[in-house]
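Chain by chain, the residues run as shown.
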Amino acid sequence: MWTRRLVAVLGVLAVLLAGCDRVPAEPADEPLRPRWQPLSLPAPPGASGRPLLRDAVACADRWYVVGGLADAAGETRPAAWSSTDGVSWAALPMSPSSHYGRQHVLYAAACRDGRLAALGAKNGGAHGNPRTGTWSQSPGGELREAPAPFELYAGPRAVSVARLAAGPAGWLIAGTRVDGAAVWTSLDGERFTIREGVAELAGDGRGRTVAYDAVAVPSGWWVVGAVLPSGATAQAPLAWTSVDGRAWRRVALPASDGRGQAQRVASVGGAVVAVGPVRDGFATWRLVGDEWRRAGGFGAAGPGVSTVDALVPAGRELVAVTGDGGGHGVWLSVDSGDSWRLMAMPTPVPDGGNSAVAVAAQGDRLLLVSDDGEASRAWSAGLPTVDR
């Protein structure tokens, strides 16, 4: 999925953010309008290039943006930025360990206790497939590529290495191998062990599975994705739970016509919520006890493939980023996914090509990075007030 992200130029100025800029609630049929303030991310040391912003994450009073740089010839290298206040940013030192690592673009990030880890990839080899690896932050702040065997993430069994999650039990990557959904687990965010062909997680006689995202919960992990049932032509939403990342239990998510995908998952206020595209827009599912129930829905089916590009908790609220083939949208829910309000973006961003949008949140502050295929930008804002 990282190939959907951007090649662009940062050209915005930093400004000080007001501490109290939550705006009044607006009529339900009007988009909410956060007071977006532009941010400036400094050029990393070394050869100049266009910033490639891919993902953003926040934890323990730290903010991170990850991506890369591309020179005029299109050659890339990894890059990441950090901030303690969301206003002043610094480029992190990068330490690749492989030929492809030196060309990686970091496309997914997670953090725990203020420490960053990321997934990076670069297309290469005879077939042009992604050469994927993991990166983790040292105590001194340097982001280092972890050496790994080629077939841990690539090779003839590879399909996708999608998202990275962090929690009390360690780190977990959600993805897919030739026999269906798979995960990679790690205690330290550096050395990962693949779990593929696992009963219930992988595909079987019931259909082929795919995993898109994961979230840590007090009891372990939830992974979300979909299954293409045997003989069917459309996927159905699916979730899995595990205490240790080794043994998994499969749970079907309700869908009115049996179609859909659960593409992102987050935990907010003790509730686990998943979001994904269905026939007529986007659906929300919420875990109640041991049962997933359909919560709200929002948006409409667009002219192309609909995707959920981000889902993050923001205090007691949820923020989702979607693409519908025509453009990207940013949505806010104050009731764990029952209802959603569209938020006005600082600038429109088309969906497709090299465009991308990612968000991170901490407390009532929101960080947004985007690329419209021509320019890459970053903003921060307080979450708008919505009547509950």
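Residues numbered from 1 in each chain as written. Predicted model: local features only at pLDDT ≥ 70, side-chain atom pairs only at ≥ 80, totals over all residues. Heavy atoms only, no water.

Participant: Please give an account of the overall build of the chain that cites residues and values.
Facilitator: Along the backbone of the chain there are 0 helices and 29 strands. Relative to its length of 388 residues, the chain is compact, with a C-alpha radius of gyration of 20 Å against a globular reference of 21 Å. In terms of overall dimensions, the chain has C-alpha extents of about 55 × 55 × 40 Å along its principal axes. Evaluated residue by residue, the chain yields a buried proportion of 56% over its 388 residues. Approximately 15,400 Å² of the chain is accessible, and the part contributed by carbon and sulfur atoms is 52%. Within the chain, the 36 negative side-chain charges are centred at a point lying 3 Å from the centre of the 36 positive side-chain charges. (Helix = DSSP H or I, 4+ residues; strand = E, 2+ residues; numbered from the N terminus. Rg over C-alpha atoms; globule rule 2.2 N^0.38 Å. Buried < 20%, exposed > 50% of the residue type's maximum accessible area, 1.4 Å probe, protein only. Areas by Shrake-Rupley, 256 points an atom, 1.4 Å probe, with all protein chains shown as cover. Lys, Arg positive; Asp, Glu negative; His and termini not counted. Charge placed at Lys NZ, Arg CZ, Asp CG, Glu CD.)

Participant: Can you explain the pattern of salt bridges? Please cite residues and give values.
Facilitator: Counted under the stated rule, the structure contains 15 salt bridges. Linking Arg-157 and Glu-196 is a salt bridge whose minimum nitrogen-to-oxygen distance equals 3.0 Å. Of the two residues, Arg-157 is situated in the loop between β10 (143-145) and β11 (158-167) and Glu-196 in the loop between β14 (193-195) and β15 (207-217); the sequence distance between them amounts to 39 residues. With a relative accessible area of 33%, Arg-157 lands in the partly exposed category. Arg-191 is paired through a salt bridge with Asp-188; the nearest N and O atoms lie 2.2 Å apart. Look at Arg-191 and you get exposed, because its relative accessible area is 60%. (Salt bridge = Lys/Arg side-chain N within 4 Å of Asp/Glu carboxyl O.)

Participant: Before we move on, could you go through the state of the cysteines and cite the residues and values that matter?
Facilitator: Counted by the stated rule, this structure contains 1 disulfide. A sulfur-sulfur distance of 2.3 Å marks the disulfide that ties Cys-59 to Cys-111. Of this pair, Cys-59 sits in strand β2 (residues 50-59) while Cys-111 sits in strand β7 (residues 105-112), and the two are 52 residues apart along the sequence. In this structure Cys-59 comes out as buried when scored by relative accessible area, which is 12%. Judged by relative accessible area, which is 12%, Cys-111 ranks as buried. (Disulfide = S-S within 2.5 Å.)

Participant: I'd like to hear about the sheet that holds strand β22 (residues 291-298), residue by residue, with values.
Facilitator: Taken together, the 4 strands give an open sheet; going across it, the order is β19-β20-β21-β22, and neighbouring strands pair in antiparallel fashion. Looking at the sheet topology across the chains shown, the edges are occupied by β19 (264-268) and β22. In this sheet, neighbouring strand axes are inclined to one another by 25° on average, regardless of whether the strands run parallel or antiparallel. Bridge count for strand β21 (residues 281-288) against β22 is 6 bridges, and the pairing is antiparallel. Along β22, the bridge assignment pairs Phe-282 with Phe-298. (Pairing = 2+ DSSP bridges. Axes fitted to C-alpha atoms, helices over the stretch in contact; angles between N-to-C directions.)

Participant: With reference to specific residues and values, describe the packing of aromatic side chains.
Facilitator: For the structure on display, the rule yields 5 aromatic pairs. Ring geometry for Trp-222 against Trp-292: centres 5.3 Å apart, planes inclined by 85°, an arrangement best described as edge-to-face. Remark: Trp-292 occurs in strand β22 and Trp-222 occurs in strand β16 (residues 220-229); sequence separation between them is 70 residues. Between Phe-298 and Trp-331, the ring centres sit 4.8 Å apart and the planes meet at 55°, which makes this aromatic pair tilted. A residue pair is termed long-range when its members are at least 10 positions apart, and Phe-298 in strand β22 and Trp-331 in strand β25 (residues 328-333) qualify at 33 residues. The exposure class assigned to Phe-298 is buried, which follows from its relative accessible area of 7%. Using a relative accessible area of 14% as the deciding quantity, one classes Trp-331 as buried. Within the aromatic cluster, the residues linked to one another by ring pairs are Phe-282, Phe-298, Trp-331 and Trp-340. (Phe/Tyr/Trp six-rings, centres within 6.5 Å; stacked < 30°, edge-to-face > 60°.)

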